[in-house]
Amino acid sequence: MDKAKPTGTPDGTVPDATGDSHGTAAEPGGSATAPDASTSPGTDTTTPPRPVGLTKADPAEPVEVAAPTVPGQAEEAAVPPATELPATVPAPRAGGAPDAVVPAQQQAPAERPRPLHAPDPYSTPPYGEPGPWAPAPPVQRPVPTPAHGTYLPPGTPAHGTPVPPLPEAGPAQGGEWGRYDPWAAPGALVAESGGGPGERRRERRAGRGRLVGAALVLALVAGAVGGYVGMRLERHGGLGTVELEQTSGQAGERAPDSVAGIAARTLPGVVTLHVSGGDGGALGTGFVLDGRGHILTNQHVVESASDGGSIRVTFNGGETARARLVGGDPGYDLAVVKVSGVSGLTPLPLGDSDDVRVGDPVVAIGAPFDLANTVTSGIISAKERPITAGGEKGDGTDISYVDALQTDAPINPGNSGGPLVDERARVIGINSAIHAAGGPARQDDSAGSVGLGFAIPVNQAKRVAEELINHGRATHPVIGVTLDMGYEGEGAKVGGEAAGGGPAVTPGGPADRTDIAAGDVITEVDGVPVASGEELIIKIRSHRPGDRLALTVERDGESRRVTLELGSSDPS
């Protein structure tokens, strides 16, 4: 708002404590008048007086000259220079009343502040030389509107919001114009005059806090991205599609004596048997003996088929065929079945069980728990292990006596009747029993392998199989004595009488011809000690009729050695 500039300089005016000038303005003509008592203070009802000088005011009732006002700003009353200066002026008193008179010579003229811009030669407001009573209006430069979404610091007016009028700046060192910058942005004067150094420090700290927060957020985002990239690199070796290297598909041949090579040659001749009959069903394994369809297995596998049951044979390739029972012997736990109308059979070669040594590698093949064509491997852990299995009937007719091969190759229910082959894929045994909690047991029990499996030596199985195929029954080698199975001493004791009440030594038999009598104790067979009657039977059945045996016999504390030829008997 423009205001006329006075022509005089108020050098003689002394402001009081409230910032107003006290004194009486002289009207034209030289007479001084006071405002009308009925007029309210601060209201000018007369023509503005022409300042001519200052006079001494009454200490009790000081006369105030009404000063023109500008809307929104308080201005000081301008008093033109007086024509005559009084000797003294009243000193300000608390409450606005002067108490003392101060010499005018002690009042130093106020130094006019210089504006920060060059004076306008044309004296055009607001670029001219302004007076100290009214600051020039601030120059507002056009400020670009921030883009949508740009963060604005607190206190920034929104687009289109009118800027409120600047508040009146209070007195400060250097005057109003010491803080005025006409080229500053709108609101700069308000911000500077309204806030002190502490406010600016708080604003700087807030700005730094926002920068630190933005840096933390950026660091977290960068860390997350870096962690994901690192995870991808670690797990997949890169960010692209993973392609794994693979060797060529040429498998090549396996060594013939490797487990894979042995299995490849043996599996085509191995079959799985499912038997059903009046006594229930059974599961087992067998292997092909010849091209005519004869298959060897365990007697306890096909036992239920002797009462009119059925036998179904499944070959390695998945073909199935019906089979019939040719013959079996529970004392040896061996049986032969035959399939008809089947061609392309692969018989397995038979080895020599007498040449087997402890530690030789072996492979067992079968269908444990009905898992056909299962291959396990191990070694021969012992030879000539006397075992008995069966005995469920109670009369002893189903007990088998085997001078077995012991192996640690895993054998489980379903392996019964399967082949135990050597490193040349030759059959050296027929898997028959495993060790159970109560001793050796057949594999139709529910117990699994504990690393102690037993196989019938193939030399014994070969003889029995041939007799079953050719005659339908097998013969047992005998010495012609009845043993006392309740004897608890070392060795096998000849009983007092036979089961039917006859003599314990068969008249005219092998034992009778070598002068073996009732009560004698047989302690060795071919120089090998025997501990019980079962072991003597096992040793005898490991031979065939006609073989010669050397026995050590004790009678009345005396020991003697005899040799006899084994006889033959048909199974009852």
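See the structure printed just above.
These numbers come from a predicted model, not from an experiment.

Describing helix 3 (residues 259-266)
Phase 1 of the analysis: If you check which residues of helix 3 are buried, you get Gly261, Ile262, Ala263 and Thr266.
Phase 2 of the analysis: Looking at the buried side of helix 3, the elements it contacts are strand 3 (270-277), strand 9 (361-366), strand 10 (374-389) and strand 12 (419-421).

Some thoughts on the sheet that holds strand 4 (residues 280-288)
Hydrogen bonds between backbone groups are what pair the strands of a sheet, and the pairing can be parallel or antiparallel.
Phase 1 of the analysis: Spatial ordering of the closed barrel is given by 3-4-5-8-7-6, a layout of six strands whose pairing is antiparallel. Each strand of the sheet is rotated relative to its neighbour by a mean of 40°, with strand direction disregarded.
Phase 2 of the analysis: The pairing of strand 3 with strand 6 (residues 310-314) spans five bridges and is antiparallel. Following the sheet pairing, His274 is matched in strand 6 by Arg312.
Phase 3 of the analysis: Each of strand 5 (294-297), strand 7 (320-329) and strand 8 (334-339) is contacted by helix 5 (residues 458-471), which is oriented at about 50° to strand 8, the strand it contacts most.

Details of the side chain of His300
Phase 1 of the analysis: As for its position among the elements, His300 is in helix 4 (residues 299-302).
Phase 2 of the analysis: Here His300 falls in the buried class, since its relative accessible area comes to 8%.
Phase 3 of the analysis: There is a polar contact of 3.0 Å between the side chain of His300 and the side chain of Asp333.

Describing the nonpolar core
Phase 1 of the analysis: Core analysis: the largest hydrophobic core is formed by 28 residues, its most contacted members being Leu296 and Leu334.
Phase 2 of the analysis: At the level of elements, helix 3, strand 8, strand 9, strand 11 (400-407), strand 13 (427-436), strand 15 (453-457) and helix 5 are the ones that each hand at least two residues to this core.
Phase 3 of the analysis: The greatest single-element share of this core, amounting to five residues, is contributed by helix 5.
Phase 4 of the analysis: Setting aside anything within four residues of it in sequence, one finds Leu296 in contact with Thr285, Gly286, Phe287, Leu289, Ala335, Val336, Gly417, Ile430, Ala461 and Ala465.
Phase 5 of the analysis: The next biggest cluster of nonpolar side chains, apart from the first, holds 20 residues, and it includes Ala492, Val525, Leu564 and Leu566.

Structural notes on helix 5
Phase 1 of the analysis: The end-to-end C-alpha distance of helix 5, which contains 14 residues, comes to 19 Å, matching closely the 20 Å that a straight helix rising 1.5 Å per residue would cover.
Phase 2 of the analysis: Two residues or fewer after helix 5 comes Gly472, characterised by a positive phi angle close to 80°.

Quick notes on the pattern of salt bridges
Phase 1 of the analysis: Under the counting rule described, the total for this entry stands at six salt bridges.
Phase 2 of the analysis: A salt bridge links Glu467 to Arg463; the shortest N-O distance between them is 3.3 Å. You can see Glu467 and its partner Arg463 sitting in helix 5, four residues apart, about one turn around the helix.
Phase 3 of the analysis: Residue classification places Glu467 among the buried positions, given a relative accessible area of 15%.
Phase 4 of the analysis: A single network of salt bridges, built from pairs that share partners, joins Glu384, Asp403 and Lys539.

Rules behind the numbers
Residues numbered from 1 in each chain as written. Predicted model: local features only at pLDDT ≥ 70, side-chain atom pairs only at ≥ 80, totals over all residues. Heavy atoms only, no water. Buried < 20%, exposed > 50% of the residue type's maximum accessible area, 1.4 Å probe, protein only. Helix = DSSP H or I, 4+ residues; strand = E, 2+ residues; numbered from the N terminus. Contact = heavy atoms within 4.5 Å. Pairing = 2+ DSSP bridges. Axes fitted to C-alpha atoms, helices over the stretch in contact; angles between N-to-C directions. Polar contact = N/O pair within 3.5 Å; in protein donor to acceptor, adjacent residues only side chain to side chain. Core = buried A, V, L, I, M, F, W, Y, C linked by side-chain atoms within 4.5 Å. Expected span 1.5 Å × (residues − 1). Salt bridge = Lys/Arg side-chain N within 4 Å of Asp/Glu carboxyl O.

It is worth stressing that arrangement in space is one thing and function is another; only the former is reported here.
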